[in-house]
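Reading the structure
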Amino acid sequence: MSYDVILLAALAIPVLLFLILRVNAAMVFLSVCLGAVLVDHVAGDADLIVNSFSPTTNSLSQTTIELLLLLVPTVLTAVIMAFSVQGRMRVFLNIFPAAASSILLVLLAVPMLPRSLAFNLMTQDVWRILSNAEALVIGAGALVSLFFLWTQRRNFRSLDRHSKH
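Summary of the structure given here.

The rules behind each value
- Residues numbered from 1 in each chain as written.
- Predicted model: local features only at pLDDT ≥ 70, side-chain atom pairs only at ≥ 80, totals over all residues.
- Heavy atoms only, no water.
- Helix = DSSP H or I, 4+ residues; strand = E, 2+ residues; numbered from the N terminus.
- Buried < 20%, exposed > 50% of the residue type's maximum accessible area, 1.4 Å probe, protein only.
- Contact = heavy atoms within 4.5 Å.
- Areas by Shrake-Rupley, 256 points an atom, 1.4 Å probe, with all protein chains shown as cover.
- Salt bridge = Lys/Arg side-chain N within 4 Å of Asp/Glu carboxyl O.
- Expected span 1.5 Å × (residues − 1).
- Polar contact = N/O pair within 3.5 Å; in protein donor to acceptor, adjacent residues only side chain to side chain.
- Axes fitted to C-alpha atoms, helices over the stretch in contact; angles between N-to-C directions.
- Parallel < 35°, antiparallel > 145°, perpendicular 65-115°, else oblique.
- Left-handed = near helix turned anticlockwise from the far one by under 90°.
- Nonpolar A, V, L, I, M, F, W, Y, C, P; charged D, E, K, R; others polar.
- Patch = residues over 30% accessible without salt bridge, like charges linked within 9 Å, V, L, I, M, F, W, Y side chains within 5 Å.

Quick look at the overall build of the protein chain now. Along its length, the protein chain carries 10 helices and zero strands. Starting at the N terminus and walking to the C terminus, you meet the elements of the protein chain as α-α-α-α-α-α-α-α-α-α. In the protein chain, which comprises 165 residues, the proportion classed as buried is 35%. Within the protein chain, counting contacts between residues at least 6 apart in sequence, those at least 24 apart form 82% of the total. Counting only carbon and sulfur atoms, one obtains 71% of the accessible surface of the protein chain, whose full area is about 10,200 Å².

Structure (structure tokens):
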């Protein structure tokens, strides 16, 4: 199987899942961002803590811990936010944060993979296109995600009014 196909599948499958399960992809995008912050600021200490429990056997590698810190908030958010997008227009507009989430997740996860696999993926044309668009994906994804969250504010306010009556 071509590595381009693997990259395209890694990009398309999460988007399709988010759309089919009507997951609030704006929250998933922000969870991917949280995972990136955890990888940057917590992974080193988490590795020390995990490996201090069993110093003779390297139970979890640094890359495994980094991948877990990146993926766990994302997966948990996707599960918790399943079926949270209502209405045809919102489901359609959810494509944009879903695509941004998927692209950002691939951009962050591929360099953490084992070296040979990461090298094979990073030499593909699809990867070059993705990596050149990284700043655009992050900026547009953040803007779209914030917009989605701001538009949901009215829904919370209307729920408050109903609960007071």
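Next up on the list: the pattern of salt bridges. Close approach of charged atoms lets side chains of opposite charge pair. With the rule as written, the count across this model stands at one salt bridge. Arg128 is paired through a salt bridge with Asp125; the nearest N and O atoms lie 2.6 Å apart. One end of the pair is Arg128 and the other is Asp125, both in helix α8 (residues 125-132) and three residues apart, which spans about a single turn. Note on Asp125: relative accessible area 48%, which makes it partly exposed.

Take helix α2 (residues 25-41) next. Helix length check: α2 (17 residues) gives 24 Å between terminal C-alpha atoms against 24 Å at 1.5 Å per residue, within 8%. Three or more residues of α2 are buried, namely Ala25, Ala26, Val28, Phe29, Ser31, Val32, Gly35, Ala36 and Val39. Those residues of α2 that are buried are in contact with α1 (3-20), α3 (43-53), α4 (62-80), α6 (95-109) and α9 (134-151). Among the residues of α2, the N-terminal cap falls to Asn24, whose side-chain oxygen and the backbone nitrogen of Ala26 are separated by 3.1 Å.

As a further point, take the packing of α4 against α6. For the pair α4 and α6, the least separation of the axes is 10 Å and the interaxial angle reads 165 degrees. As summarised for this structure, α4 and α6 are arranged roughly antiparallel, according to the angle between their axes. For α4 against α6, the interelement crossing comes out left-handed. Across the interface between the two elements, Leu67, Leu70, Leu71 and Thr74 from α4 touch Leu105, Leu108 and Ala109 from α6. When grouped by side-chain class, the residues that make up the contact of α4 with α6 number six nonpolar, one polar and no charged.

Turning to its location among the elements, Val28 is positioned in helix α2. Along the chain, Val28 and Ala98 lie 70 residues apart, while their C-alpha atoms are 7.8 Å from each other.

Okay, the environment of Ala43 next. Residue placement: Ala43 occurs in helix α3. The class of Ala43 is buried, set by a relative accessible area of 1%. Separated by 20 residues in the primary sequence, Ala43 and Thr63 place their C-alpha atoms 8.9 Å from one another. Non-local contacts of Ala43, meaning those with residues more than four positions away in its chain, are made with Leu38, Gln62, Ile65, Glu66 and Leu69.

With 19 residues, α4 ought to run about 27 Å at 1.5 Å a step, and its terminal C-alpha atoms sit 27 Å apart, in line with that. For α4, the complete set of buried residues consists of Ile65, Glu66, Leu67, Leu69, Leu70, Pro73, Thr74, Thr77 and Ala78. Each element contacted by the buried residues of α4 is listed here: α1, α2, α3 and α6.

Turning to the environment of Ile138, a few remarks are in order. In this structure, Ile138 sits in helix α9. The contacts of Ile138, once residues within four sequence positions are left out, are Phe29 and Leu104.

With that settled, consider a nonpolar patch on the surface. A grouping of Ile13, Leu16, Leu17, Ile20, Leu21 and Phe83 is seen on the molecular surface, where their side chains present a nonpolar patch of about 580 Å² in accessible area. Of note, Phe83 is situated in the loop between α4 and α5 (88-93). Note on Phe83: relative accessible area 46%, which makes it partly exposed.

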